[in-house]
Every structure is written in structure tokens, then in C-alpha cells.
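# Chains, contacts and geometry: an overview
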Amino acid sequence: MSIYLLSGKDLYRIEQALKRILKDSGADRDHTVSFDASDPRTFRFDSAIMECDTFSLFEGSDRKAVIIREPYFLNGGFKAPGRTSKKKEDKEEAERDRRLSMLEQYLKRPNPDTALIFYCHGFDADSRKKEYKMLQKYGAVITEYKKMYERDFNIYADEQLRKNGLTLTRDARNEMLLRVDCDTLLLHNAIDKLILYGNRQYDIDDIRSLVSLNPEVNVFTMSSLFIKGDLAGTLRAMDEMLKASIDHTNMMAMLASRLRSLYCMKKLYESGMSQDMIATRLKQKPYAVKMGLQNTSGRSADSLLKMLVQLAELDQGIKAGKINPKDGFEQFILSSGNQYAGH
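Predicted model only: the values in this text are computed from it and were never measured. Within every chain, residues take consecutive numbers counted from 1 along the sequence as written. Totals for whole chains, interfaces and linings use all residues, but because this is a predicted model, local features are given only for residues with pLDDT of at least 70 and pairs of side-chain atoms are given and counted only at 80 or more. Excluded from the side-chain calculations are hydrogens and water; all other atoms, namely the structure's heavy atoms, are used.

## Considerations on the overall build of the chain
Going along the chain from the N terminus, every DSSP run of H or I of four or more residues is numbered as a helix, and every run of E of two or more is numbered as a strand. Along the backbone of the chain there are 15 helices and seven strands. Relative to a compact globule of 343 residues, whose C-alpha radius of gyration would be 20 Å, the chain shows 25 Å and is clearly more extended. Counting only C-alpha atoms and orienting by the principal axes, one finds that the chain spans roughly 75 × 60 × 45 Å. For the chain, the proportion of its 343 residues judged to be buried stands at 41%. Any two residues having at least one pair of non-hydrogen atoms within 4.5 Å are treated as being in contact. Contacts spanning at least 24 positions in sequence make up 77% of the contacts within the chain whose residues lie at least 6 apart. A distance of 4 Å separates the average location of the 54 positive side-chain charges in the chain from that of its 49 negative side-chain charges. As a reference, a globule follows 2.2 Å times the number of residues to the power 0.38, and the radius of gyration itself is taken over C-alpha atoms. The buried label goes to any residue with under 20% of its type's maximum accessible area, the exposed label to any with over 50%, and the partly exposed label to all in between, with areas taken from a 1.4 Å probe on protein chains only. Charge counting follows a simple rule: Lys and Arg are positive, Asp and Glu are negative, and His as well as the terminal groups are ignored. Every charge is mapped to an atom, namely NZ of Lys, CZ of Arg, CG of Asp or CD of Glu.

Next up, the structure:
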């Protein structure tokens, strides 16, 4: 069957899967039609289904691809815009029934010369949806591209490095894995950059100069160094973030978010909760809680709260135009880094 459902948050692999399907379908660019299905106010399902059976009498190709991108009706987190009312709910239910009827009619007799692709780029298709179950019932090819766990990602990264003839020292490999943070898109961007640079062997200094840290790793690194009182390391991490076009205002917001998370962990830990209990309570991975508590081993929940108060006051001063973001944030880092150590 030439009907596909691609979904997932692993952006690189889902994009590559779409490219493979389009190539295998035999449809050229002129015979590939894409619909934005993210908004029910502008997307019409009947138009997309009608397109599956429509061909130009004046063009030579008999192969076609129809892509339904970001279908809201497969997105479990989608919320319809506007206020909810009984009238609106009835209208949405009627539209859903109509959509399901059209989908089933097509699935019973699909056009073998058309590849129909439901493309959930960046989210997991909700298997509870009736449309999902109908696609399953009629044998659509359903593939999910979830983000890899660290162990699987490391194996995948080593395979991609070998495939591209690249050799990294152990420290360089570990540094690159840290910088791409289990993100296949960032990994392949980094590999492309190394290939473009022209060498086949790289050490840790090469990786640090060529591969950027992603924002999540940046803020985690910066906050960990800051909490530990490593001011030199904190300033280096800030410099990395500036190179990645993250300004001081955004750094401050990221650090505040991280400190709030660490404060909650520390407060619960001081109240007698175990790491597993904290992970369950805060809906976080046990490993993240373990690392958070390790990083804050020399600080109390009260000291973290005081830092958050200082950041809030700094934020108000910046918004009022009384404080320069760069000067204010750097002064906070320098003055607070060791102020509460051991407290």
C-alpha cells in the first residue's frame, strides 16, 4: 500500500524517511503536492483526498505524491483555537465524522499511483485517534521516529562517523556527543561540518572549535558550573552561548528556569524524599534528579531560592531600563557564584 504515516521528534530521521518515500514513489517535484494541515480553519481534508486522484492530461508523469503535513487530527496535544461551546463541539464532531468517512472510502480503494503521506514532523501521532486506528486497520505503513536513548544514540553516532570515514580521539568523541546531546539532526550537521573542513582525524580542540553546543546543553553546562562555583568555566560557557546567538537576557531566563528546577529538587530532598520519589513528583528522569542533586550538594535550597530572588530583581531592573542586560547578568554571575557556596 502506498499510504504512509510518519511521526516523531527525531527531526533528521523523519526528514530522511520522507525523502526516501518520495524518491521510491517515482513522483517528481512537479507531481508532489503538499497541504498544511496544522490548522482546521484553513485545511480541507476533501481537497487533499481529491488531489490523490487528480492528474494533468498534459503532463507525462503518472506517479504522484500527496503530503498532509502536521495533521492536527493526529496530534494529541492539539487544541482548537477559540472558545469551546456546545455548538462548536457539535461542528467539530460532524467534521470529524465526515473526515473519517472520506478517509475510509479512500483507504478501501487507494490510487496505486499516488503516495499519500501523513507527515507529523516534530510530534508523535496519537494512536488513540480514530484516524490513526483507521490507518492501522487498512494497512498503512506507520513509522515512529522517537528520540534515541543515550546508549542507542552513541552506537548510531559511531556508525555515522565510520560511514563517513571520520576518526575522533576518545576525548573528541565524548565532547561531540556532549555537544549534540542525542540529537540526530545536530549530529549530522556536525559531521557535515567536519567533512567540509577537510580533515579525517580530529582531537578535542578541533571539536570545540568546529561543533557548537546546543542551547539545552549550554544552559545545563553553564548552570552546573555556576552552582559548583566554577566561575571561569561559567564564563566560558556563556561565551559559547553568545557564539550561538543566545544573548544575556535569554541566558538569564534559561538559568532562572534551571535554578527553579534545582530548587524544587533540593527542597524535596531536604524534606526527606528519595531521588526516585522526587523524580516521580516532578515528572523527571531519575538520572536528571541524581545529577541535579549532585550539582547542588554544596548548596541549600534556601541559597538557590535567594539566587532566584536576585534574578527576579535583576529582570525587573532590565525591563525598567535601569540595568544593562550584559552588565547586570555578568555582575550577578561574579557576585553570586561563591556567595552561597556551602549554605
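## Quick look at unusual backbone geometry
Non-glycine residue Glu70 carries a positive phi angle of around 50°. We classify Glu70 as partly exposed; its relative accessible area is 25%.

## Examining the environment of Gly165
Its location among the elements puts Gly165 in the loop between helix 5 (150-163) and strand 6 (167-168). For Gly165 and Gln201, which are 36 residues apart along the polypeptide, the C-alpha to C-alpha distance reads 8.9 Å.

## Considerations on the pairing of strand 3 (residues 64-69)
Two faces make up the sheet, and in a regular strand the side chains alternate between them. The buried fraction of strand 3 is high, at five of six residues. Only strands joined by at least two bridges in the DSSP assignment are considered to pair. Where strand 2 (residues 32-36) meets strand 3, five bridges bridge the pair, whose relative direction is parallel. The residue bridging Ser34 from the neighbouring strand is Ile67, located in strand 3. As judged from the six bridges shared by strand 3 and strand 4 (residues 114-121), these two strands associate in the parallel manner. In the sheet register, Ala65 faces strand 4, and the bridge partner there is Ala115.

## What to know about the sheet that holds strand 1 (residues 3-8)
In space, the five strands of this open sheet follow the order 2-3-4-1-5, with parallel pairing throughout. Here the strands that pair on one side only, and so sit at the sheet edges, are strand 2 and strand 5 (141-144). In this sheet, neighbouring strand axes are inclined to one another by 15° on average, regardless of whether the strands run parallel or antiparallel. Judged from the four bridges that link them, strand 1 and strand 5 form a sheet pairing that is parallel. Following the sheet pairing, Tyr4 is matched in strand 5 by Val141. Together, strand 2, strand 3 and strand 4 form the strand contacts of helix 2 (residues 45-52), whose direction differs from that of strand 3 by roughly 165°. Axes here mean lines fitted to C-alpha atoms, for a helix over just the part in contact, with angles spanning 0 to 180 degrees between N-to-C directions.

## Considering the side chain of Arg258
With respect to the secondary-structure elements, Arg258 resides in helix 11 (residues 248-270). Counted as a polar contact is a pair of N or O atoms within 3.5 Å, where, for protein atoms, one must be capable of donating a hydrogen and the other of accepting one, and residues adjacent in sequence contribute only when both atoms are in side chains. Among the polar contacts made by the side chain of Arg258, one reaches the side chain of Ser223 at a distance of 3.5 Å. With near-sequence residues (within four places) excluded, Arg258 lies in contact with Phe220, Ser223, Gly292 and Asn295.

## Section: the packing of helix 11 against helix 14 (residues 301-319)
Between helix 11 and helix 14, the shortest axis-to-axis distance is 9 Å and the interhelical angle comes to 155°. In this view, helix 11 runs roughly antiparallel relative to helix 14, as classed from their interaxial angle. The handedness of the crossing between helix 11 and helix 14 comes out as left-handed. Along the contact surface, helix 11 presents Met252, Leu255, Ala256, Leu259, Arg260, Leu262, Tyr263, Lys266, Lys267 and Glu270, while helix 14 presents Ala301, Leu304, Leu305, Met307, Leu308, Leu311, Leu314, Asp315 and Ile318. Among the residues forming the contact of helix 11 with helix 14, the class breakdown is 14 nonpolar, no polar and five charged. Angle categories are assigned with fixed cut-offs, so that under 35 degrees is roughly parallel, over 145 is roughly antiparallel, 65 to 115 is roughly perpendicular, and the rest are oblique. By definition, turning the near helix anticlockwise from the far helix through less than a right angle yields a left-handed crossing, and turning it clockwise yields a right-handed one. Residues were grouped as follows: Ala, Val, Leu, Ile, Met, Phe, Trp, Tyr, Cys and Pro as nonpolar; Asp, Glu, Lys and Arg as charged; and all remaining residues, including Gly, as polar.

## Observations regarding the pattern of salt bridges
Throughout this description, the term salt bridge denotes a Lys or Arg side-chain nitrogen within 4 Å of a carboxyl oxygen of Asp or Glu. The full count for this structure, using the stated rule, is 18 salt bridges. Between Asp126 and Arg128 there is a salt bridge, with the nearest N and O atoms lying 2.8 Å from each other. Look at Arg128 and you get exposed, because its relative accessible area is 62%. For Glu175, the salt bridge is made with Arg208, and the minimal N-O distance between the two is 3.8 Å. A residue pair is termed long-range when its members are at least 10 positions apart, and Glu175 in helix 6 (residues 170-180) and Arg208 in helix 8 (residues 204-210) qualify at 33 residues. On the basis of relative accessibility, which here comes to 12%, the residue Glu175 falls in the buried class. Overlapping salt bridges bring together Arg44, Asp46, Glu95 and Arg98 as one network.

## Section: the nonpolar core
Here, nonpolar core refers to any group of buried Ala, Val, Leu, Ile, Met, Phe, Trp, Tyr and Cys residues whose side-chain atoms link them within 4.5 Å. Judged by nonpolar contacts, the single largest core of 33 residues is most densely connected at Met222, Leu255, Leu259, Leu311, Phe329, Phe332 and Ile333. Elements represented by at least two residues in this core include exactly helix 9 (215-228), helix 10 (231-243), helix 11, helix 12 (275-282), helix 13 (286-295), helix 14 and helix 15 (325-336). Of the residues forming this core, the biggest block, nine residues, is contributed by helix 11. For Ile333, the contacting residues outside a window of four places in its chain are Phe226, Leu231, Thr234, Leu235, Met238 and Leu255. Within the second largest apolar cluster, 29 residues are counted, among which are Ala48, Tyr106, Phe118 and Phe123.

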